[in-house]
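Next come the chains, spelled out residue by residue.
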Amino acid sequence: MKPVRTRIAPSPTGENLHIGNAYTALINYVVARQNNGQFIIRIEDTDRTRFVEGSETRILESLSWLGIPHDEGPDNGGPFTPYRQSDRLAIYKQYAEELVKKDHAYYCFCTPERLSAMRKDQEARHEAPKYDGHCRKVESRKSPARNATQSVAGGKVESEKYVIRLKVPEEGTTTFTDLIRGEISFENKLIDDQVILKSDGYPTYHLGVVVDDHLMEISHIIRGEEWISSTPKHILLYKFFGWEPPIYAHMPLLRNPDKSKLSKRKNPVWVSWYKEQGFLPEAVVNYLATIAWTHPDGKELFTILEMIRVFDLKKIQTTAPVFDLEKLRWMNGEYLRRSQKSPARNATQSVAGGKVKSQIFDFYHGKYDEAIIEKTLSLVIERIKTLGEYEMMAGFFFERPKVFERPINKKLLTIAQETLETCIWNHDAMEKAIREAADKAKMKAKDVFMELRVAVTGKTVGPPLLESLELLGKEETLTRLS
RNA sequence: GCCGCCAUCGUCUAGUGGCCUAGGACGGUUGAUUCUCAAUCAACAAACCGAGGGUUCGAAUCCCUCUGGCGGCACCA
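Note that this is a predicted model, so its numbers are computed, not measured.

Take the domain arrangement of chain A next. For an interface, size is often stated in terms of accessible area lost upon the parts coming together. By the assigned domains, chain A splits into domain 1 (91–197), domain 2 (340–398) and domain 3 (410–481). The partner domain 3 presents 10 residues to the nine residues of domain 2 that form the contact. For the side of domain 2 that touches domain 3, the elements supplying multiple residues, two or more each, are α14 (370–380) and α15 (390–394). Broken down by element, the residue count for the side of domain 2 that touches domain 3 peaks at four residues, all from α14. Tallied by class, the residues present in the side of domain 2 that touches domain 3 amount to six nonpolar, one polar and two charged.

Let's shift gears to the sheet that holds strand β4 (residues 163–166). Read across the sheet, three strands follow the order β3-β4-β7 without closing on themselves; strand pairing throughout is antiparallel. Two strands bound the open sheet, and with one partner strand each, they are β3 (105–108) and β7 (195–197). The average undirected angle you get between the axes of adjacent strands in this sheet is 45°.

With that settled, consider the protein's contact with RNA strand B. The local shell around RNA strand B holds 65 residues, among which Glu44, Ser199, Lys261, Pro321 and Leu465 are the closest. For the surface near RNA strand B, the secondary structure elements donating two or more residues are α4 (112–124), β6 (182–187), α12 (325–341), α18 (445–457) and α19 (465–472). Looking at the surface near RNA strand B, the element that brings in the most residues is α18, giving four residues. Class assignment of the residues belonging to the surface near RNA strand B gives a composition of 26 nonpolar, 17 polar and 22 charged.

The next thing to look at is helix α3 (residues 89–101). The end-to-end C-alpha distance of α3, which contains 13 residues, comes to 19 Å, matching closely the 18 Å that a straight helix rising 1.5 Å per residue would cover. Of all the residues in α3, the buried ones are Tyr92, Tyr95, Ala96 and Leu99. On an axial view of α3, the arc spanned by its buried residues comes to 100°, and they lie on one face. Of the exposed residues in α3, the ones pointing more than 90 degrees away from its buried face are Ala90, Gln94 and Lys101. For α3, the elements touching its buried residues are β3, β4, β7, α7 (205–215) and α8 (231–241). Trailing α3 by a residue or two, Asp103 shows a phi angle of about 65°, which is positive.

Attention shifts here to the pairing of strand β8 (residues 220–224). Extensive coverage of β8 is indicated by the burial of four of its five residues. For β8 and strand β9 (residues 247–251), the ladder comprises five bridges, and the chain directions are parallel. Bridging across to β9, Gly224 finds its partner in Met251. In this view, the connection linking β8 to its parallel neighbour β9 by way of α8 has right-handed handedness.

Definitions and limits used
Residues numbered from 1 in each chain as written. Chains lettered and ligands numbered in written order. Predicted model: local features only at pLDDT ≥ 70, side-chain atom pairs only at ≥ 80, totals over all residues. Domains from an automatic or database assignment. Contact = placed C-beta atoms within 7 Å. Helix = DSSP H or I, 4+ residues; strand = E, 2+ residues; numbered from the N terminus. Nonpolar A, V, L, I, M, F, W, Y, C, P; charged D, E, K, R; others polar. Pairing = 2+ DSSP bridges. Axes fitted to C-alpha atoms, helices over the stretch in contact; angles between N-to-C directions. Near = placed C-beta within 6 Å. Expected span 1.5 Å × (residues − 1). Buried ≥ 20, exposed ≤ 12 C-beta atoms within 10 Å, placed from the backbone. Arc of directions from axis to C-beta. Right-handed = clockwise from strand over helix to strand, strands pointing away.

See the structure below:
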């Protein structure tokens, strides 16, 4: 059997790694790992007009943050280097020319103006927008060299611009088997004579993927559902080159709550956003895994390693799922608590226990003292779902409140203040003393606690009050009260 | 418009002809706990399995039609 090699082919046209790409990356990675194969990253930067500076680096960073390592790629190389399409231009040109020689492709000199006029016409006549085959039929325009000569003879210095188009058969159907959807076929007459080499010498996606996937010996193409309708073009390309096509699996597209394709307008899509919010990479990966696939034991929480053991690509659900941020938040909270509270049952768990502390420390770039974070953590951990919520919950430990959620009832507060001044500084003693004082003053202890809370923390919601005061210390507490 | 993919609680899903009076998780509601909020525990509501036809003794599960949603139809990926 052929070695398993999977890949993702992101294009550096966005701010960061798209969460949908992270999803396909995860599946590709898992499939490679469970078959002792390789997972490759290839950068498809053939669209210079949409190129975003620094995007590639950020994509790679996000992937590594997620814990999805690649065996070969633009940064770490590999046997099929280079892994960036803009560095492989000569290869595509050579293969495109080969197709022309074999009469499976042709030069096209149509101007953008002619093409748009053609499309307008087609639209007016309610026809499918499709290249009309103008240059496919014109014999004299077979070769760009000849044409260039003519231009020079005519006094022009520049050679005429051209593209290379795929010569799609006019009859028959193209069929392929999708690993998770079964057989899918398209009528050839409906397939456009796709441009495969642009006038700037760059390949289009269609030529680029096919050539590179073949050359890089990719065995499984696992990509988004949006590619289904262009797959027949790729199949045709494989056929014309005389290559064996890979195994295809089209993953369902992630959706917005309104069921449209996941977009940045309606949902946070950049992986960096999840990091900035304080989601843990393990939780993001775990959530992604549970989308469209269920652990055979019905488990919701599991590691990527466990997934590799039991994952089955064929069991992927084909319905496009809505991305549920709420469920991710729940899962993130589970991860936070799970790694924190695990008692020292064994060494690995203790290590995990200390992890959240340093994660919070790193998350705030050292703004908060690590020792204090550690002390406050047990009070706060079950009240936050992301690292980013720590500040809101525990900020008062580090800084006196500047604003108060509501005005303070002085009468109630005075009871607390007077009691605490003479109190032993541990929460049991404080509780007992405050309750007694409240009773004596014919006040509800509950209300006294609330005033105290607002006065010390500025908020009506927070971690257990007396335990917090214990940590804060008598001096600081009393200062805040006065 | 044409082509394609898809269709079970609000959401993610289990279910592959009888074990389904359709199971789990998130979210929701109620209660217990309680100095707030959480966490935790208990319980409840929530899909007549998109609609209509078949096939079968029997269908969420197989077939057909329709409808709906989504995707694609670029010298973008």
